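Results of the structural survey
What follows is the residue order along each chain.
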Amino acid sequence: TNHVWKSRMTLETTFRLYSGLPSWFNLLGHFGQWTPEEGNLQKKYLDEIGSLHINAFDAWIVDPPIVHDSSGNPHLDLESYPSPSDSFISVYASHIQSGMISMPNPFNNPNISSPSEYLIAIENSLQQYGWQNGRAYIYLWDEPAEANYPEIIERAKLVRRYAPSLKILVTTHFVPELEPYVDIWTVVINQMDNPSYPSPEIYLEQQAKGKQVWLYVSCMSHGCTNEFDAGTPDFVIDRQSSYIRSLGLMAYLYHADALLYWRMNNMHANYPARDAWNEQWNFTGNGDGTLLYPGRPGVHGLESHQPILSLRAKAIEEALNDVWYYRQMDKLPNKPAWWSTAIHELVRSPTSWDKDYSKYQDLLERVGNYLNENAP
């Protein structure tokens, strides 16, 4: 039975998934080589995932170079390099309608001789395009070891000095030494509410200080080298749909500001030796790192090159939308007696949660019906 609730829903959820989507991988997945269609193809992918409340990082054609204005101030050439149609703005930024924009990491590009000057150019560009108020971030380091902390701090100090408008993201649990430098703690979900790692209360304290906390879904859930199954949710094909749907309630319970997933098109890079339509095995999980399929003319009745959403990508959209409804319950002056019990019956921790998908749908129906009658 379909219901039309009278409660007003926002057109843009504030809760999003951030994921990698290299344009080069998309090209390989469709053509097996470079073609001039790279920019147009990437725009199609970004629009497709944008409709699901998913934002990409590392999704522009090439890192934009520095140019200088009439006063000699450095900016990034965001509109004309490598061409107007394939520029950072045209291909990437103009397709990020809501949420945060990822900026190039100059420390990871060997062709950038002066990261400091590049950061100054980023800051000037953020001011130029109105992205300075918490709109942009830099993915500074991925899953660092303790030995990496000194270099992270060194890099972060440069970001703070030369591009202070950038939010600094590091995929790590809370580390006291890094606290002055990290704006977005991106915590592998296996390490949240785990006795061996910082407690959830620490992340609430960080959010009270203005920082963000994202939950990171990774191959650690099923074992990156097939060594274990942690029992935490992930996006591999073999799982029940509840592995994805539960993430909405989990994110709500831990007050996460967003989710992060490492990549959406990883298998595309292996075409034609391995085609995503026929083989998805990666990091000991079918579909790990690939949530889209390369739609090619002549394949499955298609007539043009286009991204094809997986059922898992649509399930992610459901989980992201669930968070909006759960947060509407928080806004009620008087919550129903069943609310706290209902959510904790489904999710108790990242490793202890109900696998029955229908129960998450039933909860959404119950929440929607309640909001329909009680929301202002």
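I will try to describe carefully the structure that is included in this document. Keep in mind it's a predicted model, so treat the numbers as computed, not measured.

A short note on the overall build of the protein
Tallying secondary structure elements over the protein gives 10 helices and 16 strands in all. Buried residues in the protein amount to 56% of all 376 residues. The long-range share in the protein, meaning contacts at least 24 apart out of those at least 6 apart in sequence, stands at 68%. Here the protein displays about 16,400 Å² of accessible surface, and carbon together with sulfur accounts for 49% of that area. Considering the protein, the positive charge centre built from 27 side chains and the negative charge centre built from 43 side chains are found 5 Å apart.

Re the side chain of R16
With respect to the element layout, R16 can be found in the segment before β1 (17-20). Assessed through its relative accessible area of 4%, R16 is described here as buried. Looking at R16, its side chain comes within polar contact range of the side chain of N55, at 2.7 Å. Once residues lying within four places of it in the same chain are set aside, the contact partners of R16 are G50, H53, I54, N55, S98, G99, A258, L259 and L320.

Observations concerning the sheet that holds strand β6 (residues 136-142)
Judged by pairing direction, the sheet is parallel, and its eight strands sit side by side in the order β2-β1-β10-β9-β8-β7-β6-β5 without closing on themselves. Of all strands in the sheet, those with a lone pairing partner are β2 (54-57) and β5 (101-102), marking the two edges. Here β6 pairs with strand β7 (residues 167-171) via five bridges, running parallel. Within the sheet, the bridge partner assigned to Y139 lies in β7 and is L169.

Let's talk about the packing of aromatic side chains
Under the criterion given, the structure shown has 19 aromatic pairs. Judged by centre distance (5.2 Å) and plane angle (45°), the ring pair of W60 and F88 falls under tilted. Of the two residues, W60 sits in the loop between β2 and β3 (66-68) while F88 sits in helix α3 (residues 88-92), which places them 28 residues apart along the sequence. By the burial criterion, W60 is buried, and F88 matches it. Geometrically, the ring pair formed by F88 and Y92 is edge-to-face, given 5.3 Å between the ring centres and 70° between the ring planes. Here Y92 and F88 lie together in helix α3, a separation of four residues that amounts to about one turn.

With respect to the nonpolar core
Among the nonpolar cores identified, the biggest contains 108 residues, and M103, L166, L249 and L363 are the most heavily contacted of them. A total of nine residues in this core trace back to one element, the largest contributor, which is helix α8 (residues 311-330). Excluding anything up to four places from it in sequence, M103 contacts W60, L76, F88, I122, L126, W131, A136, Y137, I138 and L166.

Let's talk about the packing of α8 against helix α10 (residues 357-374)
Interaxial distance between α8 and α10 falls to 10 Å at its minimum, and their mutual angle equals 40°. The orientation of α8 relative to α10 falls into the category oblique. Pair α8 / α10 crosses with left-handed handedness. Residue-level contacts link E318, D322, Y325, Y326, Q328 and M329 of α8 to Y357, L363, L364, V367, Y370 and L371 of α10. Of the residues contributing to the contact of α8 with α10, the split by class is nine nonpolar, one polar and two charged.

Quick notes on the environment of F228
You can see F228 is positioned in the loop between β9 (212-217) and α7 (242-253). Given the relative accessible area of 36%, F228 is considered partly exposed. Excluding residues that lie within four positions of it along the chain, F228 makes contacts with M220, H222 and G223.

Things to note about helix α9 (residues 338-346)
Given 3.6 residues to a turn, an α-helix orients residues that are three or four positions apart in the same direction. Within α9 the residues assigned to the buried category are W338, W339, A342, I343 and L346. Seen end-on, α9 carries its buried residues on one side only, within an arc spanning 120°. Summarising the contacts, the buried residues of α9 are in contact with α7, α8, β15 (347-349), β16 (352-353) and α10.

So, the pattern of salt bridges
A pair can form between side chains of opposite charge whenever their charged atoms are brought close. This model, assessed by the stated rule, comprises 11 salt bridges. Across the pair D322 and R245 runs a salt bridge whose closest N-O atoms are separated by 2.5 Å. Of the two residues, D322 is situated in helix α8 and R245 in helix α7; the sequence distance between them amounts to 77 residues. For D322, a relative accessible area of 1% gives the class buried. In this structure R245 comes out as buried when scored by relative accessible area, which is 1%. R274 is the salt-bridge partner of E279, the closest N and O atoms lying 3.0 Å from each other.

A short note on helix α6 (residues 200-208)
When α6 is considered as a whole, its buried residues turn out to be P200, Y203, Q206 and Q207. Along α6, the residues classed as buried sweep out an arc of 110° about the axis, all on the same side. Along α6, exposed side chains directed more than 90 degrees from the buried face belong to E205 and A208. Structurally, α6 contributes buried residues whose contacts are with β8 (184-188) and β9.

Side note on unusual backbone geometry
Residue P82 follows Y81 across a cis peptide bond; omega there is -5°. Along the polypeptide, P82 turns up in the loop between β4 (74-76) and α3. P272 follows Y271 through a cis peptide bond whose omega is 10°. Note that P272 resides in the loop between β10 (258-261) and β11 (281-282). Even without glycine at this site, D193 takes up a positive phi of about 55°.

Rules and cut-offs
- Residues numbered from 1 in each chain as written.
- Predicted model: local features only at pLDDT ≥ 70, side-chain atom pairs only at ≥ 80, totals over all residues.
- Heavy atoms only, no water.
- Helix = DSSP H or I, 4+ residues; strand = E, 2+ residues; numbered from the N terminus.
- Buried < 20%, exposed > 50% of the residue type's maximum accessible area, 1.4 Å probe, protein only.
- Contact = heavy atoms within 4.5 Å.
- Areas by Shrake-Rupley, 256 points an atom, 1.4 Å probe, with all protein chains shown as cover.
- Lys, Arg positive; Asp, Glu negative; His and termini not counted.
- Charge placed at Lys NZ, Arg CZ, Asp CG, Glu CD.
- Polar contact = N/O pair within 3.5 Å; in protein donor to acceptor, adjacent residues only side chain to side chain.
- Pairing = 2+ DSSP bridges.
- Phe/Tyr/Trp six-rings, centres within 6.5 Å; stacked < 30°, edge-to-face > 60°.
- Core = buried A, V, L, I, M, F, W, Y, C linked by side-chain atoms within 4.5 Å.
- Axes fitted to C-alpha atoms, helices over the stretch in contact; angles between N-to-C directions.
- Parallel < 35°, antiparallel > 145°, perpendicular 65-115°, else oblique.
- Left-handed = near helix turned anticlockwise from the far one by under 90°.
- Nonpolar A, V, L, I, M, F, W, Y, C, P; charged D, E, K, R; others polar.
- Arc of directions from axis to C-beta.
- Salt bridge = Lys/Arg side-chain N within 4 Å of Asp/Glu carboxyl O.

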